[in-house]
Amino acid sequence: MTQKKITWKSVIFGCYKTNNSLPAAEALPESRQSTSFQRLCLSDVSNPSSPLSPDDLSNSLIGSKLHVFTLSQLRVITSNFSRSNLLGEGGFGPVYKGFVDEKLKPGLEAQPVAVKALDLDGMQGHKEWMAEIIFLGQLRHPHLVKLIGYCWEDEHRLLVYEYMARGSLENQLFRRYAAALPWSTRMKIALGAAKGLAFLHEEDKPVIYRDFKTSNILLDSDYTTKLSDFGLAKDGPEGEETHVITRVMGTQGYAAPEYVMTGHLTTMSDVYSFGVVLLELLTGRRSMDNTRIGRDQSLVEWARPLLRDPRKMERVMDPRLEGQFSIKGAEKAIALAYKCLSHHPKARPRMSFVVKVLETLQDFQDSLVGPFVYVVPNENDSKEHFGNGKRAKFEEGKDSREENGQRNNYLGWRHWIKLPMSSIAYSYPALYKKCEHSLNSSKNHSEKEE
Ligand SMILES: Nc1ncnc2c1ncn2[C@@H]1O[C@H](COP(=O)(O)OP(=O)(O)OP(=O)(O)O)[C@@H](O)[C@H]1O
Ligand SMILES: [Mg+2]
């Protein structure tokens, strides 16, 4: 039997048929509608023998919800990419605030937007830009940031997203001179991010996000969490297969050990990264901290021995919480993080399980420990919590790259990762069992409480 070849054109047109021609999709919940049909894969558009042109892309996306902007339109809405509109900058390029409405493009809802401009760096930047459009153009979910449109003019590549009022979790969790994020907010953020990842993993064609970290988790004014940055995302393999990636990309401190060492990439690699972020939320410490010495630079290496000993909870929890957290909730969250960080990918929980556990942590009513005392951080505290101070410049909206050529090192921007063999530790099967017991027993407990 001959299989019909899928071309990017046939698939894209197929993806964006109107509801009239796809009656079955109407019955589905909103978050799943856009992917109920055959979703276009990145590989469908990355055929080097027939590269996509800007016209191909925009023609293909007719009928989609994505808008195609001109560079001059984006100049207008960002006041010519002025520094006063700069929201931040990552490895991809600077991000500016703007405002769009119907006057700019008919049919455009009036709203603030974030415009990300690619610092074109060879083909890798273009590939990531394309991946963002292919994934976020088709996947819609309350916990994924909404891509509104894009611009492709000459060498310029830009992306236009819904604006997220509180920026990234990285900025909120580690910023100086602000009250610490309360426990309940941290648990809300963890749950939203887990739901976003679970959605990706449970698609008909699973998506491996590959760059789960605090800077890619965006927050709305009410701390609704949305995942951004699909530049490194990959369509997952079918069934029990794993991808073997020859070029390991990701961010040091978040990437799963088996992926770093062998290139084996599965949805469980994302679960490991989720464990790192959960640990950052619990401890208030960055995944990598160059101001610490030796193994303590890695949050996971530092925390692992503490996570398996319930008596060490006090040392794990962020001192900026001032003891204001649910003890039962913290116990469960610590056990969950420990399980996600297992060295054995198969011993890690699925994201749907993580969501279930985190749902039980949203309204724990047991006593919060300790009185609330706000401690004004001094310079040493800042160094302890926020690294070497370079980050603060960035948060103040300055283009730290101009002031500090090292910034990308500090941030751990995506790069090829190669860690020494010695960084892989061995697992403790008995402890996984203990952790599992703790999760399950506290789950039963909370179910009884309901
Ligand atoms: N949709 C958005 N709404 C509001 N602010 C945003 C939005 N997208 C990005 N930002 C801001 O821009 C900053 C830079 O984002 P970007 O994703 O380019 O880099 P990063 O996540 O910091 O690093 P990396 O390049 O490793 O992903 C974010 O930290 C955030 O403050
Ligand atoms: Mg990012």
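A brief report on the enclosed structure follows. (Residues numbered from 1 in each chain as written. Chains lettered and ligands numbered in written order. Predicted model: local features only at pLDDT ≥ 70, side-chain atom pairs only at ≥ 80, totals over all residues. Heavy atoms only, no water.)

**Comments concerning the overall build of the chain**
Line of reasoning, step 1. Secondary structure summary: the chain contains 20 helices and 14 strands in total.
Line of reasoning, step 2. Restricting to contacts in the chain with at least 6 residues of sequence separation, those with at least 24 account for 72%.
Line of reasoning, step 3. A total accessible area of about 21,500 Å² is found for the chain, and carbon and sulfur atoms account for 53% of it. (Helix = DSSP H or I, 4+ residues; strand = E, 2+ residues; numbered from the N terminus. Contact = heavy atoms within 4.5 Å. Areas by Shrake-Rupley, 256 points an atom, 1.4 Å probe, with all protein chains shown as cover.)

**Let's talk about the site of ligand 1**
Line of reasoning, step 1. Near ligand 1, the surroundings consist of 23 residues, among which Gly91, Met164, Lys213, Ser215 and Asp229 are the closest.
Line of reasoning, step 2. Backbone polar atom of glycine 91 to an oxygen atom of ligand 1: 2.7 Å apart, as the coordinates give it.
Line of reasoning, step 3. Lysine 213 is positioned such that a nitrogen or oxygen atom in its side chain is 2.5 Å from an oxygen atom of ligand 1.
Line of reasoning, step 4. Contact with the protein chains removes 97% of the 600 Å² of surface that ligand 1 exposes when unbound.
Line of reasoning, step 5. Residue contributions to the shell around ligand 1 peak at three residues, all from strand S2 (residues 86-89). (Near = heavy atom within 4 Å. Polar contact = N/O pair within 3.5 Å; in protein donor to acceptor, adjacent residues only side chain to side chain.)

**Topic: helix H12 (residues 299-307)**
Line of reasoning, step 1. Counting buried positions over the nine residues of H12 gives eight, a clear majority of the element.
Line of reasoning, step 2. By the burial criterion, the buried members of H12 are Leu299, Val300, Glu301, Trp302, Ala303, Arg304, Leu306 and Leu307.
Line of reasoning, step 3. On its buried face, H12 sits against helix H11 (267-283), helix H13 (313-316) and helix H14 (327-340). (Buried < 20%, exposed > 50% of the residue type's maximum accessible area, 1.4 Å probe, protein only.)

**Some remarks on the coordination of the magnesium ion (ligand 2)**
Line of reasoning, step 1. With distances of 1.9 to 2.0 Å, the protein atoms coordinating the magnesium ion (ligand 2) are Asn216 (OD1) and Asp229 (OD). Of this pair, asparagine 216 sits in the loop between strand S7 (207-208) and strand S8 (217-219) while aspartate 229 sits in the loop between strand S9 (225-227) and strand S10 (234-235); the two residues are 13 residues apart in sequence, bridging distant segments of the chain. The same class applies to asparagine 216 and to aspartate 229, which are both buried. (Donors = N, O, S within 2.8 Å, 3.2 Å for Na, K, Ca; no water.)

**Considerations on empty space enclosed by the protein**
Line of reasoning, step 1. Tallying each qualifying case throughout the model produces five cavities of 30 Å³ or more.
Line of reasoning, step 2. If you trace the largest cavity, you find 13 residues lining it, with Arg210, Tyr254, Ala255, Ala256 and Ser273 closest to the centre.
Line of reasoning, step 3. Going through the elements one at a time, strand S12 (249-250) and H11 are the ones with two or more residues in the lining of the largest cavity.
Line of reasoning, step 4. The element that contributes the greatest number of residues to the lining of the largest cavity is H11, accounting for three residues.
Line of reasoning, step 5. For the lining of the largest cavity, the residue count by class is six nonpolar, four polar and three charged. (1 Å grid on protein atoms, 1.4 Å probe; cavity = no way out; pocket = protein on both sides within 12 Å on 5 of 7 lines; lining within 4 Å. Points joined across faces, edges and corners; volume = space filled by probe spheres on them. Nonpolar A, V, L, I, M, F, W, Y, C, P; charged D, E, K, R; others polar.)

**Side note on the pattern of salt bridges**
Line of reasoning, step 1. If you walk through the whole model with that rule in mind, you get 10 salt bridges.
Line of reasoning, step 2. In this structure, the salt-bridge partner of lysine 226 is glutamate 162, at a minimum N-O distance of 3.2 Å. One end of the pair, lysine 226, is in strand S9; the other, glutamate 162, is in strand S6 (residues 156-162), with 64 residues separating them in the sequence. Like glutamate 162, lysine 226 is buried.
Line of reasoning, step 3. Taking the shortest distance from any N to any O, the salt bridge between aspartate 309 and lysine 312 comes out at 3.5 Å.
Line of reasoning, step 4. Residue classification places aspartate 309 among the buried residues on the basis of a relative accessible area of 14%.
Line of reasoning, step 5. For lysine 312, a relative accessible area of 31% puts it in the partly exposed group.
Line of reasoning, step 6. By sharing partners, the salt bridges in this structure join Asp309, Arg311 and Lys312 into a single network. (Salt bridge = Lys/Arg side-chain N within 4 Å of Asp/Glu carboxyl O.)

Purely geometric numbers; function is a separate question.
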